[in-house]
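# Tertiary structure, described
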Amino acid sequence: MSFDTEFDAVIVGAGGCGLAAAIAIHDLNPHASIAVLDKADRACGNTVLSSGSIPAAGTRFQKEAGVHDTPQMFQEDLLTIAGEHEAMHLTRVLTETSASLVEWLVDHAHVRLTLVDSYKHIGHRVHRLHSPPSRRGADLVDDLLRECERRDIPVAWSNAVTGLASDAGRLQGVLCATPDGRVTRIGARHVILASNGYAANKSLLQRFVPEVAAAPYGGGTGSEGEAIVWGESLGAALANMKAYQGHASLADPHGSLVTWTVIEKGGIIVDRSGQRFGDESMGYSAFAALELQRGGPFWVIADTQVRDITAAGQEEYAELVAHGGVLAEALPQLCARTGIDAAGLEATLEAVRKHARGDSQDTFGRTHWGLGALGPQLTATRISPAIFHTQGGLCVDADGRVLTAQGTAIAGLWAGGGAACGISGNQGSLGYMSGNGLLSALGLGYRIGQAIAAELTEVES
């Protein structure tokens, strides 16, 4: 089969997974020829839209802050939330890789990361999230792109891979539609599918998670599931396909995320009647399932203390506040502006304040109330639930090789991030813990890059 051009490795998708894989290959084999292709005209995937938070256990940043953590502790926390699932080997290897991943990102990929020590997202028993200082995934991707440029690794935007090139069932490269409308044949020893999941593909959602097929989508528009289709065409198996990350607090109508830190610092979620309907401390993904079962609208209720402390540490939330997405009033005025039943909200707040003071127990089982009882100057943000990204995908081994149903590797085919099966269980949105998506994306990208570099070096020698 003839090709227009050939590379050692072609990476489909210029998000966190693909860029980490490219840098990891170059790190160990700087002579390898690498091309990163992306159908978008700029970085706009789910890593960009995230907070850039990567969970890692046992990093030097944790040790400097006096935080004791181990991969075993991390695994236990994941098991508590996600339960046993079809990719437990990834839970083990990604937690064990997590510390070296974060330190490699800082030391070799020159990504700016700091330990998030101002809050612990639900499920993590200790401070283990590492994020850009801005708490923006866009900064994480910008740093990775800058490192690719420094290493002369080409990233080709507006180059959509349309399929895999194979001969007699053997992978040989990819087909790519260029900006001028041509289709080029690109040969590759290794093809890495880093094109994210399928949450923007309604037909695939209907096939695998029909309960959220009609839900609002808040993730990157490019997550259309091509990797699933291409992988299956070569005999790849799938795993954890019922899992997805939901989010309970997409600002309505602003569209930005209302950080769950507002909840963790004492905020609550109510419906139009002013009443709560679940334990918010189960997390933003699991709580989204409760909202999807009900009719909205919903509101996050907090107070100005929670608002100001949260805004001081998270730029995106501060921008939402600045643009009027967080109302601040006394209860009667707040209810008049939002349409929330005033009597219902007043009764709810009275009960919540008792729970926060330890005078009563919450019927939904919530025990953590952040900064304590909410004050009289309240805030409200209208929200809606959404699906952000899927957590199931192609079966892969510990280094990201795509596997058949018989457990054999498909030669030359690799997958990571949303294209591969994740570590969030197989029970809808219930198994997702903050950072699972980025750990899978960057962790598998890192491991894939190392494994490919080793194979290329072995061939050269």
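A brief structural summary. (Residues numbered from 1 in each chain as written. Predicted model: local features only at pLDDT ≥ 70, side-chain atom pairs only at ≥ 80, totals over all residues. Heavy atoms only, no water.)

## Side note on the overall build of the chain
Condition: Helix and strand assignments follow DSSP, with helices taken as H or I runs no shorter than four residues and strands as E runs no shorter than two, numbered in order from the N terminus. For the radius of gyration, the atoms used are the C-alpha atoms, and the globule rule reads 2.2 Å times the number of residues raised to 0.38. Each residue is assigned to one of three classes by its accessible area relative to the maximum for its type, calculated with a 1.4 Å probe on protein chains only: buried under 20%, partly exposed between the two thresholds, exposed over 50%. Only the protein chains shown count as cover for residues, and the accessible areas themselves come from Shrake-Rupley with a 1.4 Å probe. Counted as positive: Lys and Arg. Counted as negative: Asp and Glu, with His and the chain ends omitted from the count. Note on charges: their place is set at NZ of Lys, CZ of Arg, CG of Asp or CD of Glu.
A tally of helices and strands in the chain yields 15 helices and 18 strands. Relative to the compact-globule value of 23 Å for 461 residues, the chain shows a C-alpha radius of gyration of 23 Å, a close match. Based on the C-alpha atoms only, the size of the chain along its principal axes is roughly 75 × 45 × 40 Å. A total of 461 residues make up the chain; the buried ones form 58% of that total. About 17600 Å² of surface is accessible on the chain, with carbon and sulfur atoms providing 49% of the total. Averaging the positions of the 34 positive and the 50 negative side-chain charges in the chain gives two centres separated by 3 Å.

## Side note on the sheet that holds strand 3 (residues 54-55)
The strands making up a sheet associate through backbone hydrogen bonding, with each pair oriented either parallel or antiparallel. The test is simple: For two strands to pair, DSSP has to find at least two bridges joining them.
Pairing is antiparallel in the open sheet, where three strands are placed in the order 3-5-4. The open sheet is flanked by strand 3 and strand 4 (114-115), the only strands paired with a single partner. Two strands pair when backbone bridges link them, and strand 3 and strand 5 (residues 129-131) are joined in this way by two bridges, in the antiparallel orientation. Residue pairing across strands places Ile54 opposite His130, the latter belonging to strand 5.

## Points about the pattern of salt bridges
Filter applied, for reference: Should a side-chain nitrogen of Lys or Arg be within 4 Å of a carboxyl oxygen of Asp or Glu, the pair is scored as a salt bridge.
The full count for this structure, using the stated rule, is 33 salt bridges. Between Glu232 and Arg207 there is a salt bridge; the shortest N-O distance is 2.9 Å. In this pair, Glu232 is assigned in helix 8 (residues 226-233) and Arg207 in helix 7 (residues 202-208), connecting sequence segments 25 residues apart. Accessibility expressed as a relative area gives 47% for Arg207, which makes it partly exposed. Residue Asp271 pairs with Arg294 through a salt bridge whose shortest N-O separation is 3.0 Å. Pair noted here: Asp271 is in strand 12 (residues 268-271) and Arg294 is in the loop between helix 10 (284-292) and strand 13 (298-303), with a separation of 23 residues, a long-range link. Via salt bridges that share partners, Asp69, Glu76, Asp77, Arg125 and Arg128 belong to a single interconnected network.

## Re the environment of Val106
Condition: A contact between two residues is defined here by any heavy atoms of the two lying within 4.5 Å.
Tracing the backbone through its elements, the reader meets Val106 in helix 5 (residues 88-107). Each C-alpha atom of the pair Val106 and Leu439 lies 15 Å from the other, and the pair is 333 residues apart in sequence. Every residue in contact with Val106, bar those within four places of it in the chain, is listed here: Arg60, Phe61, Val111 and Leu113.

## Side note on the nonpolar core
Cut-off, in case you're wondering: We call a set of buried Ala, Val, Leu, Ile, Met, Phe, Trp, Tyr and Cys residues a nonpolar core when their side-chain atoms join them within 4.5 Å.
With 98 residues, the main nonpolar core has Leu105 and Leu193 as its most contacted residues. With 10 residues, the top contributor of residues to this core is helix 15 (residues 436-460). Phe298, Leu349, Trp369 and Leu378 belong to the second largest nonpolar core, which has 36 residues in total.

## As for the side chain of Gln391
Examined against the element boundaries, Gln391 turns out to sit in the loop between strand 15 (378-390) and strand 16 (393-394). A relative accessible area of 5% means that Gln391 is categorised as buried.

## Re the packing of helix 1 (residues 16-28) against helix 6 (residues 137-150)
Our working definition: To define axes, lines are fitted to C-alpha atoms, for helices over the stretch in contact only, and angles between the resulting N-to-C directions are given on a 0 to 180 degree scale. What sets the label is the angle itself: under 35 degrees gives roughly parallel, over 145 gives roughly antiparallel, 65 to 115 gives roughly perpendicular, and the rest give oblique. Two helices that cross are described as forming a left-handed crossing if the nearer one is turned anticlockwise from the farther one by less than a right angle, and a right-handed crossing if clockwise. Basically, the charged four are Asp, Glu, Lys and Arg, the nonpolar ten are Ala, Val, Leu, Ile, Met, Phe, Trp, Tyr, Cys and Pro, and anything else, Gly included, counts as polar.
Contact geometry of helix 1 with helix 6 gives a least axis separation of 10 Å together with a crossing angle of 30°. Viewed along their axes, helix 1 and helix 6 adopt a mutual orientation that is roughly parallel. Considering how the two elements wind past one another, helix 1 and helix 6 form a crossing that is left-handed. Here helix 1 contributes Gly16, Leu19 and Ile23 to the contact with helix 6, which in turn contributes Val141, Leu144, Leu145, Glu147 and Cys148. Considering only residue class, the contact of helix 1 with helix 6 consists of six nonpolar, one polar and one charged.

## Digging into helix 13 (residues 331-338)
Using the following cut-off: Directions are taken from the helix axis to each C-beta atom, and the arc is the one they span.
Taken residue by residue, helix 13 has Leu331, Leu334, Cys335 and Thr338 as its buried positions. End-on view of helix 13: buried residues confined to an arc of 95°, all on one side of the axis. The outward face of helix 13, more than 90 degrees from its buried face, is lined by the exposed residues Pro332, Ala336 and Arg337. The secondary structure elements touched by the buried residues of helix 13 are strand 13, strand 14 (327-329), helix 14 (342-357) and strand 15.

## What about helix 4 (residues 71-82)?
Here is the rule we go by: Here a helix's expected span is defined as the number of its residues, less one, multiplied by 1.5 Å.
Between its first and last C-alpha atoms helix 4 spans 16 Å; for 12 residues at 1.5 Å apiece the expected length is 16 Å, and the two agree. Taken as a whole, helix 4 has its buried residues at Pro71, Met73, Phe74, Asp77, Leu78 and Ala82. Along the axis of helix 4, the buried residues cluster in a sector spanning 160°; they form a single face. Tucked into the core, helix 4 has its buried residues touching strand 3, helix 5 and helix 15. Two residues or fewer after helix 4 comes Gly83, characterised by a positive phi angle close to 70°.

## Overview of the side chain of Thr95
Rules: For the purposes of these results, a polar contact is taken to be a pair of N or O atoms within 3.5 Å, where, inside protein, one atom must be able to donate a hydrogen and its partner to accept one; residues adjacent in sequence count only when each atom of the pair is a side-chain atom.
Looking at where Thr95 falls in the secondary structure, it is placed in helix 5. Engagement of the side chain of Thr95 in a polar contact is seen with the backbone oxygen of Thr91, the distance being 2.8 Å. Here Thr95 is in contact with Pro71, Phe74, Gln75, Leu78 and Leu90, once residues within four sequence places are set aside.

## A short note on the pairing of strand 18 (residues 409-415)
Counting buried residues in strand 18 gives five out of seven residues, a clear majority hidden from the surface. For strand 9 (residues 183-193) and strand 18, the ladder comprises three bridges, and the chain directions are parallel. The partner of Ile192 across the bridge, within strand 18, is Trp414. Where strand 17 (residues 401-403) hands over to strand 18, the hairpin turn is made up of five residues, of which Gly407 adopts a positive phi near 90°.

Interpretation in functional terms is not warranted from these geometric data alone.
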